[in-house]
Structures are given as structure tokens and as C-alpha cells.
Protein chains: 2
Amino acid sequence: MATTINITKRTDTKINNVDFNNLIFGTVFTDHMFYCDYKDGQWQQPQITPYQAMSFDPAARVFHYGQAVFEGMKAYKDEEGKIFLFRPDQNFKRINKSSARLAMPEFPEDFFFEGLTELLKLDSAWIKPGVGNSLYLRPFVIATEPAISASPAKEYRFMIILSPAKAYYAGKVRVLFAEKFSRAANGGVGFAKAAGNYAAQFYPTSLAQKKGYQQVIWTDANSHENLEEAGTMNVFFRINDTLITAPTSDRILDGVTRKSLIQLCDDLNINCEVRNITVSEIKTAAKNGSLKEIFGAGTAAVISPVEAFEHAEELFELPEIENSYGSLLKDSMLKIQHNLAEDKHGWRYEVR
Amino acid sequence: MATTINITKRTDTKINNVDFNNLIFGTVFTDHMFYCDYKDGQWQQPQITPYQAMSFDPAARVFHYGQAVFEGMKAYKDEEGKIFLFRPDQNFKRINKSSARLAMPEFPEDFFFEGLTELLKLDSAWIKPGVGNSLYLRPFVIATEPAISASPAKEYRFMIILSPAKAYYAGKVRVLFAEKFSRAANGGVGFAKAAGNYAAQFYPTSLAQKKGYQQVIWTDANSHENLEEAGTMNVFFRINDTLITAPTSDRILDGVTRKSLIQLCDDLNINCEVRNITVSEIKTAAKNGSLKEIFGAGTAAVISPVEAFEHAEELFELPEIENSYGSLLKDSMLKIQHNLAEDKHGWRYEVR
Ligand SMILES: Cc1ncc(COP(=O)(O)O)c(C=O)c1O
Ligand SMILES: Cc1ncc(COP(=O)(O)O)c(C=O)c1O
């Protein structure tokens, strides 16, 4: 691919200092980064440079008004050394949807894909083959203009940084259904990967963690009756042999994993309903034994099984289950992502 | 006041390059800035240095998860050259309340006041006397730790930057009552000065601006029936001779101007009710002529009179009014702030 990127390479590499068996997620970064500034109404020359700290004015609007959006993607390497992304077109569309909602300029498609491609080719040694290994990709956009009036910036920086991620088998999680705090408002920015949505969840999540729950399942801010999504995952519930997941809305992120799983259910003849799910429905199902599984779905862990949930001081433990839909779907997804299974829907994107 | 601050002064000053009669709000900064880093579980040695760009890792959590809170205050100078702040204890408490909601560490009171004091003394030439002139103070806290897992940072920076502000007589504003978009959720972070709350308003506000309205008056996200606040102001409605303002809640910022005005109404024998106000009540009052005034209240403009509002494609023009409560209250506030009137409630804080 011809590129318009101005590339400055590192002469050495940090990779030999990295223990790939003991990675703490999101703390180690590769040798290079991509960035592109927006000013005078247009995106400037894209750059790849050694990964490094950058200079920002203390008045940069991102520090004051939270004009910042991001994406989370992964690159995989097969045994032959080929590099794949999973549905990157979805992340590209979503980052621009997020940007539009925050009054930020959209990033051009060719810059996005050239940036990913060139950066992954330069740092390809950081992608380890083997199911479970991946390189986490973090595209993001921040408002850099130094001006503190409460209005949209005129200058931005789009960046991509890369962080190697180890197979993520954190085990099962215990979750709390939200009763008081909430994540998003109708007519708000919940559907966007807006930076501020995440900071807003940290305190309620820390309260849940003190009670022994790793995650909160958010409910609607009005009635706290509708189960919506987790902090960085959409959620699926299995009642008898039917999977159910909430419809997306202006409060809920339209997850790439979620929409891929819905399609895979169709492929695998698993009945999957997209509809509102209430707390009382799930509690009733837990009590009468028809609730078989709950799992989160997102890029980080693909699928994260839930072993217990609490609501209104009542604790519900989920049964151990054979033929878990969660495991089946996770296995199918990983095989497609790692080029180990047929890619019926054209989801794999080879980086070359 | 004894100080623990490490001070590095500029040898020259930028002030001679500044045209104080043509200031664009929030774009010009003084010679110095204050900052203090949090790491290893505690706030480190505070610093005052020349105002300058600083280096940040691209993985700093503020860029990804919006862990950022801020305050807005003003310093005034009287004709004798004495410098005053207005109720800075309120801003100090509020920034820590905001920080707590975003799982950020609270800043120590002595550092906050020493920082303000030393910085204002150094840059006191930037505060011009005269009603309407002021120096805008922007304390803020951002998450600096370079790590992109979705959890609270372990490292932060508290900063104060200063920007001279000219008398703000922007004239009357036209506003749109929100019908679809919203600012805050029940159980969310609307009451905090969280950075992400502001970016979320830019796009809906830009739509209003395209229709000829400078500001949106936000309504509750559930029914869009309750009038709450504007982007950076609380709102007061006058029906006949009664002022009404919405109660604060977890969706509404507890404004220093709002609470001071409520007290001033008491002092001036103006009847002021703190209660829910509905869109239909205000539309009815506009139609039958009992709606006399609407104004925003906030640190930037003190009071910002509204000349017209639109809701559901219906436009309402407010009457010209004699003995406007807005003007009366603004005048009283400015006199107290500029040391031109008695300070019955101990709101002025002299910087020395
Ligand atoms: C709020 C939220 N919901 C859901 C998801 C899952 O989305 P995806 O499957 O695209 O990673 C994420 C993570 O990206 C998220 O941040
Ligand atoms: C959302 C919001 N409401 C109201 C206000 C007014 O608050 P204060 O009077 O403390 O400036 C502000 C500005 O600070 C604000 O950001």
C-alpha cells in the first residue's frame, strides 16, 4: 500500500525488555506510534514516530472539557506470520460516530487504515502467534487547542498506540446490578466511546469491588429495571436455550463483539433474541432455575462468564453448565480471529 | 503566609503583549502556573513555574477515560490594589466532591489556598481594577498515569492556570429548551464539574446555534419536562414577582453564583423559591404574561439575561422589563465581589 505517512523509525527496539508471559494489560507499549494533527480545518500530514511523551499546553481542551474519544481493537498473528484485524471497518465507523457526537472532526478512512497498516508492519514482532495472544490497538482523538472557553476545539490530535496483550483468562466474574448509579442518560453520549463515560463509572465500580463484585451491570437511569451493559462489555443472558441481549440505543455501545455473536448464533443455530431484559425477569429465572448463563462480550476478553450477581442485597449464584453457549461462541470467535476457521462473513482483514 | 511551594519565576513578562481591551475569553494566560503531582499515594511538592507546555505520555489516562475535573473562579482587584476571591472555600469543596465522584484523590486545603495565593501575588499585575475586569482562575486535576486499562489512575496532576477576563457584556441570549438531547442522568455525574459533561453538550449546543440560539436549557433526561440548568450556568425564572430556580440534585451543578443569589434575594426581600419548574408552567406563564424574566447565573457572566426561548418549534420572546431582578442582583453581586459594598456574609476572601 502506498502511504502518505512520514515515518521516523527507532533504531533499536524495547521488545527484549518485555516479559510476554507477564503482561499487565495496557501498561507496555510498542516501539512506534501513529499520530495526525487537525488544524486550520483539516487533517495534516500523518506521522509515525518512536513511542514517546508529547508536549501539551495545560489549556488543551481535552484536559478541561473531555473532548476525547477512542477505540479498542486487536491484531492477531497466525502460525504463518500473517497479521489479521477483526472487522476494523466497524471500529473506523464507530470512532467517527463518537467524534461527531462530541463535535469533533471525523478522521479520513484512508489515513485510518494506512496508519494501522504501517504501524503494525513496523511493530509486527510485538504480535505473538497463538490463540489468546494479541496486540491491543488503541486509536484515539483528543482536543489539543489551548483555549478554555466551553466550546468545541479547533485543533485535535488523532493517535494510535499499541500494547501487547496476553491471553486473558481472568476466570469468572461476580457482578452487581446497578440500583442507584447509572452510566448513561437518554439523549446523552452512552452510545459513544467518549472518554468521560469511563471515568464516570470508576467510583460506582469501586464500591461494587469493595463488596466483592468485579463489575457493575448498568441498568437504565430512570427505572433501574432494564439491564443494559457492563463497563466495557455488552451482556448476554441465557434463559433455557435462548440467549437474550439488550437492543442498542443512545445509551448503549454498539459492540463489535455483540453484533458478531448475534450473527454467530444464527450460524450455530442458537436462538438469540435482541430485546429488553428486566432485572425481575432475570431474578425470576435465576430462582426457577431457567437462567443458565450470563456473560459479557467485548474485544478485551471476547467473552467473560459471570458466576454470580447481586441485586437489592440478594445474591444469585449461577449453575456450572455443560455445553455453555459462552464457551462455544468464544471458541468460534477466536478461531475466526486467529485464521483457524472459515471466515464466512468476511470479518478478517489481513494487514499487508 | 508561609509556603511550601517550590517557585521558579519568569525573568520577563508577557503582559506587555496583551491587549486587555480585546481579550478573547480563555485564550491568554498569565506568566506563571501552579501544579502539584500525586503519586505513590500522596501529593508531592507543589510547584510554581513559568506558564508552559508540559510533557504527557500518550497513554495518560485523562486522554482515554476522561478522569478530569475542574473549577472556575475569579479574582478581583479594588481601586487600592487589594485582591479578592469570591467564596473560594466553595470551589475548594466542590473540586474535591467532583474528584471523589470520579475516583480521584482529594487535594489538600492548604495546598489549594497557598497555590492560589502565591500564584495571584506573582501575577497580580494581570488583575485589572474596575467592575467587570477580573482574572479567571482555572484549577483542574487530570489523570496522568500512562496505563490504558479502564480503571482509576494512580497518578494525577493538580494545576491552576490564570486567564485575564474582560467585562463580559455579551448582551441577552436566546435559548432552546432541550427536547431530545440531555446533559446528565440520575445517578450520574451531572453534579460534578467533570470534564466529560462539557464535551457531551457541544454537539447539541451547536445544533441550537445553527437555529439561532446561543445556549440550551437542559431538561431532565426522562420526561424533558423539568427545566434544570444551562451549559455553564444555573437558571432562574421570574413569574410575576417570584424567582424560581430548580433544586440541586445529582444531575445539577451546585453553583456558587446560584446559592449566593438565593441568599441575596433574602437580603433584598425578593421572593425566591427553590422547586421544580416545568416547561409547561413556563410556557403558560409566557403566554399569559406572568413570565417576566429568565436569566442564567454563573461565575463567567454573573447573570446572563435571556431574551427569548424556543420549545417544540414555538418561540417565546420575553418582555423588556423595568426593575429587572437580574440587573439588581448582578449589581449587588459585582459590588460585593469588587469590594464596593458591605460583605454581610463573609464571602470576600482577601489574597495577601
Ligand atoms: C461501554 C462498552 N460496551 C461494550 C463494549 C464492547 O464493544 P466491542 O465488542 O466493540 O469491544 C465496550 C468496549 O469496547 C465498551 O466500552
Ligand atoms: C454546569 C454548570 N452549571 C452551573 C454553573 C455555575 O456555577 P458557578 O456559579 O459556581 O460558577 C457552572 C459553571 O461553573 C457549570 O459548569
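Please read all numbers here as calculations on a predicted model, not as lab measurements.

Basis of the calculations
- Residues numbered from 1 in each chain as written.
- Chains lettered and ligands numbered in written order.
- Predicted model: local features only at pLDDT ≥ 70, side-chain atom pairs only at ≥ 80, totals over all residues.
- Heavy atoms only, no water.
- Near = heavy atom within 4 Å.
- Polar contact = N/O pair within 3.5 Å; in protein donor to acceptor, adjacent residues only side chain to side chain.
- Areas by Shrake-Rupley, 256 points an atom, 1.4 Å probe, with all protein chains shown as cover.
- Helix = DSSP H or I, 4+ residues; strand = E, 2+ residues; numbered from the N terminus.
- Nonpolar A, V, L, I, M, F, W, Y, C, P; charged D, E, K, R; others polar.
- pLDDT = per-residue confidence, 0-100.
- Contact = heavy atoms within 4.5 Å.
- Buried area = accessible area lost by both parts, 1.4 Å probe.
- Salt bridge = Lys/Arg side-chain N within 4 Å of Asp/Glu carboxyl O.
- Pairing = 2+ DSSP bridges.
- Buried < 20%, exposed > 50% of the residue type's maximum accessible area, 1.4 Å probe, protein only.
- Least-squares fit on C-alpha atoms with pLDDT ≥ 70 in both.
- Expected span 1.5 Å × (residues − 1).
- Domains from an automatic or database assignment.

### Quick notes on the site of ligand 2
Residues and elements named next belong to chain B.
- Taken together, 16 residues surround ligand 2, and among them Lys-193, Tyr-198, Glu-229, Thr-257 and Thr-299 come closest.
- Within the side chain of Thr-257, an N or O atom sits 2.6 Å from an oxygen atom of ligand 2.
- Protein contact buries 97% of the 380 Å² of open area that ligand 2 shows by itself.
- Those elements giving two or more residues to the shell around ligand 2 turn out to be α5 (256–267) and β17 (291–298).
- The residue makeup of the shell around ligand 2, split by class, is 5 nonpolar, 7 polar and 4 charged.

### Some details on the confidence of the model for chain A
- Summary statistics for chain A give a mean pLDDT of 96 and a share of 98% for residues scoring 70 or more.
- As a predicted assembly, this complex carries a pTM of 0.97 together with an ipTM value of 0.97.

### Focus on the site of ligand 1
Residue and element names in this part refer to chain A.
- Neighbouring residues of ligand 1: 16 residues in total, closest Lys-193, Tyr-198, Glu-229, Thr-257 and Thr-299.
- Here Arg-94 contributes a side-chain N or O atom positioned 2.9 Å from an oxygen atom of ligand 1.
- Side-chain polar atom of Thr-299 to an oxygen atom of ligand 1: 2.6 Å apart, as the coordinates give it.
- The fraction of the free accessible surface of ligand 1 (380 Å²) that becomes covered by protein chains is 96%.
- Among the residues forming the shell around ligand 1, the class breakdown is 5 nonpolar, 7 polar and 4 charged.

### As for the interface of chain A and chain B
- At the junction of the two partners, chain A supplies 59 residues and chain B supplies 59 residues.
- Where chain A abuts chain B, roughly 4600 Å² becomes buried across the two surfaces, and 66% of that area is made up of carbon and sulfur atoms.
- Between the two partners, chain A and chain B, sit 0 salt bridges.
- Our count for the chain A to chain B interface comes out at 21 residue pairs in polar contact (both at pLDDT 80 or more).
- Counting only elements with at least two residues in the side of chain A that touches chain B, the list comes to β5 (54–56), α1 (61–65), β6 (68–70), α2 (88–101), β9 (134–143), β10 (156–165) and α4 (195–210) of chain A.
- If one sorts the elements of the side of chain A that touches chain B by residue count, α4 of chain A sits on top with 8 residues.
- Broken down by class, the residue content of the side of chain A that touches chain B amounts to 39 nonpolar, 16 polar and 4 charged.
- By the bridge criterion, 3 bridges tie β5 of chain A to strand β5 (residues 54–56) of chain B in an arrangement that is antiparallel. By the bridge assignment for β5 of chain B, Phe-56 of chain A is matched with Met-54 of chain B.

### Topic: the pattern of salt bridges
Residue and element names in this part refer to chain B.
- All told, the structure shown has 46 salt bridges over all chains when counted by the stated rule.
- Of the charged contacts in the structure, one is a salt bridge between Arg-10 and Asp-31, with a shortest N-O distance of 3.8 Å. With Arg-10 in the loop between β1 (6–7) and β2 (32–39) and Asp-31 in the loop between β1 and β2, this pair connects stretches of sequence that are 21 residues apart.
- A relative accessible area of 24% means that Arg-10 is categorised as partly exposed.
- Residue Asp-31 is classed as buried on the basis of its relative accessible area, which comes to 5%.
- Across the pair Arg-183 and Glu-229 runs a salt bridge whose closest N-O atoms are separated by 3.1 Å. Pair noted here: Arg-183 is in the loop between β11 (173–177) and α4 (195–210) and Glu-229 is in strand β13 (residues 227–230), with a separation of 46 residues, a long-range link.

### Structural notes on the relation of the copies chain A and chain B
- Structural alignment of chain A on chain B gives an RMSD of 0.0 Å, achieved by rotating through 180° and translating 0.0 Å along the axis. Here the copies are linked by what is in effect a two-fold axis.
- Counting the interface residues of chain A, we find that 100% of their copies in chain B are interface residues as well, pointing to one common contact surface.

### A closer look at unusual backbone geometry
- You will see that Asn-323 of chain A, though not glycine, has its phi angle at about 50°, which is positive.
- With respect to the helices and strands, Asn-323 of chain A occurs in the loop between β19 (314–317) and α7 (325–337).
- Even without glycine at this site, Ala-103 of chain B takes up a positive phi of about 60°.
- Along the polypeptide, Ala-103 of chain B turns up in the loop between α2 (88–101) and α3 (109–122).

### Considerations on α5 of chain B
Residues and elements named next belong to chain B.
- With 12 residues, α5 should reach 16 Å at 1.5 Å per residue; the first-to-last C-alpha distance of 17 Å fits that figure.
- Considered for burial, the residues of α5 that qualify are Val-256, Thr-257, Arg-258, Ser-260, Leu-261, Leu-264 and Cys-265.
- Looking one or two places after α5, you find Asn-269, whose phi comes out positive at around 60°.

### Things to note about the domain arrangement of chain A
Residue and element names in this part refer to chain A.
- Once the domains are mapped, chain A shows domain 1 (6–165) and domain 2 (173–337).
- Here the C-alpha centroids of domain 1 and domain 2 sit 28 Å apart.
- Each side of the interface is counted separately: domain 1 has 19 residues, and domain 2 has 21 residues.
- Interface area, domain 1 with domain 2, both sides summed: about 1800 Å², of which 64% is carbon and sulfur.
- Counting across the interface, domain 1 meets domain 2 through 0 salt bridges.

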